[in-house]
Amino acid sequence: YGPQQRGVVNCAELSGCHRSIAQAFRGPNASLTAHKRMSATTVALDVACGGVSTAVVSAVLNPTDVIKTRRQIVGFSGASPLDMARAVARADGLKGLWLPGLQATVLRELLYSGCTKGLYPYARDA
């Protein structure tokens, strides 16, 4: 199965994301498979990586949340999700699908998911 991943940063190192594409196909270096010592920088980087990765996904998927919320407000009365997306786009433009709630969503993910994803390996191994 390969080496056990320890945290977001270690996972990225083991998978080769931080290296060039050519190096990524060579597999992880032996030096990267050793367990990293926990330092304040490593913990902060794990929290940041966990938060940013989830915030990006949430930002991309924010239109689905906007459509779901609008459908809940009108009581799911006949309008399909696609119909609701069209209605929002006609009324508010494409920004209307992304902007409502985007700041709150991104901040939530940076804090909540950053802590849960970034600190989980340290709590698990403690």
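Residues numbered from 1 in each chain as written. Predicted model: local features only at pLDDT ≥ 70, side-chain atom pairs only at ≥ 80, totals over all residues. Heavy atoms only, no water.

Asker: What's the story with helix α6 (residues 102-125) in this structure? I'm lost.
Answerer: A turn of α-helix holds 3.6 residues, and therefore any two residues three or four places apart point the same way. Counted at 1.5 Å a residue, the expected span for α6 with its 24 residues is 34 Å, and the 34 Å between its end C-alpha atoms agrees. The principal kink in α6, of about 45 degrees, is found at Leu119, preceding the proline Pro121 by one to four residues. (Helix = DSSP H or I, 4+ residues; strand = E, 2+ residues; numbered from the N terminus. Expected span 1.5 Å × (residues − 1). Bend = angle between axes of the 7 residues up to and from the residue.)

Asker: Looking at this structure, how should I read the confidence of the model for the chain?
Answerer: Close inspection of predicted coordinates is inappropriate in any region flagged by low pLDDT. For the chain, mean pLDDT is 77; residues scoring 70 or higher make up 69% of the total. Of all secondary-structure elements in the chain, the lowest mean pLDDT belongs to helix α2 (residues 21-24), at 46, while helix α4 (residues 81-92) reaches the highest, 90. (pLDDT = per-residue confidence, 0-100.)

Asker: Can you walk me through the packing of helix α3 (residues 40-74) against α6 in this structure?
Answerer: Working note: a packed helix pair is described by the angle between its axes plus the distance between those axes. In the contact formed by α3 and α6, the axes pass within 6 Å of each other and the chain directions differ by 140 degrees. As judged from the angle between their axes, α3 and α6 are oblique. Crossing of α3 over α6 shows right-handed handedness. (Axes fitted to C-alpha atoms, helices over the stretch in contact; angles between N-to-C directions. Parallel < 35°, antiparallel > 145°, perpendicular 65-115°, else oblique. Left-handed = near helix turned anticlockwise from the far one by under 90°.)

Asker: Even after reading the chapter, I still don't get α4, so can you show me in this structure?
Answerer: Over its twelve residues, α4 runs 16 Å from end to end, which matches the ideal 16 Å to within 8%, given 1.5 Å per residue. Among the residues making up α4, those that are buried are Met84, Ala85 and Val88. Down the axis of α4, the smallest arc covering the buried residues is 100 degrees, so these residues share one side. Buried positions along α4 lie against α3 and α5 (95-98). Positive phi shows up at Gly93, right after α4, with a value of about 80 degrees. (Buried < 20%, exposed > 50% of the residue type's maximum accessible area, 1.4 Å probe, protein only. Arc of directions from axis to C-beta. Contact = heavy atoms within 4.5 Å.)

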